[in-house]
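Listed here are the chains, written in short residue letters.
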Amino acid sequence: FFMMRSKMIHRIYEIGVLREIGASKYRIYRMFLIELLVLIFMTTMIGYIASLLLCHLANKKIHGLLNLFRYSPIYAIVGFLILLVVSVIAGMLPIFTLQRKTPAEIVAKYDL
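The next subject is the overall build of the protein chain. For the protein chain, the count of helices and strands is six helices and zero strands. In the protein chain, the succession of helices and strands from N to C terminus is α-α-α-α-α-α. In the protein chain, buried positions account for 25% of the 112 residues. Partitioning the contacts of the protein chain with sequence separation of at least 6, the portion at a separation of at least 24 is 74%.

This is the structure we're talking about:
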């Protein structure tokens, strides 16, 4: 959330100009969504996959003693999808709130 808000504020003038010349909200959403997906896959998903591997290795190592972690590919996929959806919604929230304003309000409020 805060990373995307920071990027949005950094590019606020560009967003205002794009909206004033007639760029659709969809185009701006798409621009930030692509950037957000790259950010998610470069940070969050690497950590998620690493933690899955560690849990799998720990479960394999102590398999005879006790079943510490329940590991299943279905759980991994569902967790991946939940993490992806939550990350996209939280990351796009600043852009959704900004797009409610008119182009004139965007430029007037954030005129630096």
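This part is about the side chain of R19. Looking at the element boundaries, R19 is found in helix α2 (residues 12-20). Of the side chains with opposite charge, E105 comes closest to the buried, unpaired R19, at an N-O distance of 8.3 Å. If we ignore the near neighbours within four places in the chain, the residues touching R19 are K25, I28, Q99, K101, P103 and I106.

This paragraph deals with the confidence of the model for the protein chain. Scored by pLDDT, the protein chain has a mean of 84; 89% of the residues are at 70 or more. Within the protein chain, helix α6 (residues 103-109) has the poorest average pLDDT of any element, 80, and helix α3 (residues 25-42) the best, 90.

Cut-offs used in this document
Residues numbered from 1 in each chain as written. Predicted model: local features only at pLDDT ≥ 70, side-chain atom pairs only at ≥ 80, totals over all residues. Heavy atoms only, no water. Helix = DSSP H or I, 4+ residues; strand = E, 2+ residues; numbered from the N terminus. Buried < 20%, exposed > 50% of the residue type's maximum accessible area, 1.4 Å probe, protein only. Contact = heavy atoms within 4.5 Å. Lys, Arg positive; Asp, Glu negative; His and termini not counted. Salt bridge = Lys/Arg side-chain N within 4 Å of Asp/Glu carboxyl O. pLDDT = per-residue confidence, 0-100.

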